[in-house]
Every structure is written in C-alpha cells, then in structure tokens.
Amino acid sequence: MRRTAAVILGAVTLLGVLAGPAAAVPDPVATVDCLTQAVGDITTIIDPTAPGVPTEVPGTTCLAP
C-alpha cells in the first residue's frame, strides 16, 4: 500500500513539474496598434554606421505579453 501511494505521489509530482506555466495572452488590439506604430521603424533595420551589426527587428516588443 505504501509503495503504491509513493508511486502515485511521484507520478503526480512529475506531472506537476512537467506542466508548463500559465502564459499571458497579448491583447490583439494593442498588438495591432503597436505593430502599426512600429512600421515607421522599418528604416532603422540597417544602421549605416555599423551595417554588419544585427539590430532588433521592429515590432518584436509588441509580441511580448
């Protein structure tokens, strides 16, 4: 009886560890609004002073919740 309870408790603990954390869902209206404002930043993708250095793609901050 103890062994069965230990196995069940271990299985439940393992499932709890493997379960992913709850993630926030971004607001679609705010995301679209942010992306439309980020369209103007498309000209900053390539920095003329350092063309070999990768820059952040405009709009990526809009996708984070």
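Please refer to the structure placed before this passage.
Below you will find a few notes about this structure. Quick caveat, the model's predicted, so the values are computed rather than measured. (Residues numbered from 1 in each chain as written. Predicted model: local features only at pLDDT ≥ 70, side-chain atom pairs only at ≥ 80, totals over all residues. Heavy atoms only, no water.)

Right, let's get into the overall build of the protein chain. On a plain count of helices and strands, the protein chain comes out with two helices and zero strands. Accessible surface, the protein chain as shown: approximately 5,600 Å² in total, 71% of it carbon and sulfur. (Helix = DSSP H or I, 4+ residues; strand = E, 2+ residues; numbered from the N terminus. Areas by Shrake-Rupley, 256 points an atom, 1.4 Å probe, with all protein chains shown as cover.)

Our next topic: the environment of Gly 40. Considering the arrangement of structural elements, one finds Gly 40 in the segment after α2 (28-38). Looking at Gly 40, the relative accessible area reads 53%, which means it is exposed. Considered as a pair, Gly 40 and Pro 58 are 18 residues apart in the sequence and their alpha carbons are 8.7 Å apart. (Buried < 20%, exposed > 50% of the residue type's maximum accessible area, 1.4 Å probe, protein only.)

It is worth spelling out the side chain of Thr 31 at this point. Of note, Thr 31 is situated in helix α2. Here Thr 31 is in contact with Pro 26, Cys 62 and Leu 63, once residues within four sequence places are set aside. (Contact = heavy atoms within 4.5 Å.)

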